[in-house]
Amino acid sequence: MTGRIVHGGGITAAACLYGGRPEDWLDLSTGINPNPVPLPDIPVSAWHRLPDQYLVERAREAARGYYRSGDILPLPVPGTQSVIQLLPRLAPVGSVAILSPTYGEYARAFKLAGLPLNEVTEINDVTEGNDLVVVVNPNNPDGRLLPIERLRELHDRLQERGGILVVDEAFGDMEPEASLAPHASSMPNLIIFRSFGKFFGLAGLRLGFVIAEASILARFEDWLGPWAVSGPALSLAACLMDGDTTAIRNRILDRRAALDAVLHRAKLNIAGGTGLFALVADERASDIYSYLCHHHILVRKFDYAPNWLRFGLAPDEEGDRRLAGVLENYSI
């Protein structure tokens, strides 16, 4: 059995180990906008009734405009994690390739399904035997961003043998020009996963979208069953994705610039990242992680890369100062 993966956001577990009240910790362990957007009014009917088809269609239309997916109406799902679990059902006879290292739940899902898995570091390492390929773009945790042209070439190679390309754009809101969504109508063997909660700061809503041709979306919809996404989630998606998100993006960029300034001042090497997090590479990573935890600041460490730490964004200048002060006093 493949063990469960430890993700960011485990404040309660960290507080049990290092002390303090969870609410007093500074959580920098996730790649989520630390400033949730203001919530619009949600009609009482969205809470009271089972999700009506009107709500579903309204959310899909808003998502089509937001993701610029053309003829494709994105399918709302209860978080993209829910559809990662379903991917093994789509896998053809051949093996699966994952561009790695990346979000670990992909490998875990395929291993639990008993499918042959090839974890590759370059697109060129994908072989003729790999009939389903997963690329996280921008990548988590190093922020690697592959150009649209290379992904189209990979899709076309896979299409020739009936293979499928899965592109996870969970962190794509900050890089809309790099998204494959506007090209999806001409790429029938492409599946795109998009996260809603990371950019809008509403991860607890558990909402995501799948962009793919109609027959693939129908299969996901059947597998998820009726009323998979709540009425309040659909209502929020329709409202928030239909508005101007420039201010949200600019606020995230400001927060990331502040984080970079703190890390540079501490002489930590920023090895990658996205608008929502920075990846630090340092041989002292394990000690830095423990030191921060003793001061009730949680970042993300990686079993497969013991010299890496991922720093999420602090919500405000006070959080920046708190992190800066702790790092300033760090010594081995």
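Look above for the structure.
Since the model is a prediction, treat every value here as computed from it, not as a measurement.

*Asks:* Got a minute to help me understand the pattern of salt bridges in this structure?
*Replies:* Two side chains bearing opposite charge may form a pair once their charged atoms approach each other closely. Going through the model one piece at a time under the given rule, you end up with 13 salt bridges. The residue Asp52 makes a salt bridge to Arg49 at a minimum N-O spacing of 3.5 Å. A residue is classified by how much of its surface remains accessible, and Asp52, at 32% relative accessible area, is partly exposed. Note that Glu61 is salt-bridged to Arg64, the shortest N-O span being 2.9 Å. On the criterion of helical spacing, the pair formed by Glu61 and Arg64 is a turn pair, its members being 3 residues apart in helix α3 (residues 53-67). Note on Glu61: relative accessible area 40%, which makes it partly exposed. Its relative accessible area of 24% is what places Arg64 among the partly exposed residues. Overlapping salt bridges, with partners in common, bring together Arg21, Glu23 and Asp24 in one network.

*Asks:* How should the sheet that holds strand β13 (residues 308-312) be read in this particular structure?
*Replies:* Two pairing modes exist for strands in a sheet, parallel and antiparallel, and in both the strands are linked by backbone hydrogen bonds. Across the sheet, which stays open at both edges, the 4 strands sit in the order β9-β10-β13-β12 with antiparallel pairing between neighbours. Edge positions in the sheet fall to β9 (269-274) and β12 (300-301), since each of these pairs with one other strand and no more. One ladder, built from 2 bridges, connects β12 with β13; its direction is antiparallel. Of the residues in β13, the one forming a bridge with Arg300 is Arg310. Set on the sheet, helix α10 (residues 246-265) makes contact with β9, β10 (277-281) and β13; between it and β9 the angle comes to about 165°.

Conventions and cut-offs
Starting from 1, residues in each chain are numbered consecutively following that chain's sequence as written. Per-residue local features of the predicted model are confined to residues with pLDDT of at least 70, and side-chain atom pairs are confined, for both listing and counting, to 80 or more; whole-chain, interface and lining totals are unaffected and use all residues. Hydrogen atoms and water are omitted, and side-chain values are computed over all heavy atoms in the structure. The salt bridge criterion pairs a side-chain nitrogen of Lys or Arg with a carboxyl oxygen of Asp or Glu, the two atoms within 4 Å. Using a 1.4 Å probe on the protein chains alone, a residue whose accessible area is under 20% of its type maximum counts as buried, one over 50% counts as exposed, and one in between counts as partly exposed. Numbering of helices and strands starts at the N terminus; helices are DSSP runs of H or I of at least 4 residues and strands are runs of E of at least 2. Pairing between two strands is assigned when DSSP locates at least 2 bridges connecting them. Contacts are residue-level and defined by heavy atoms, with any inter-residue pair within 4.5 Å sufficient. The angle between two axes is taken between their N-to-C directions and runs from 0 to 180 degrees, where each axis is a line fitted to C-alpha atoms and a helix contributes only its stretch in contact.

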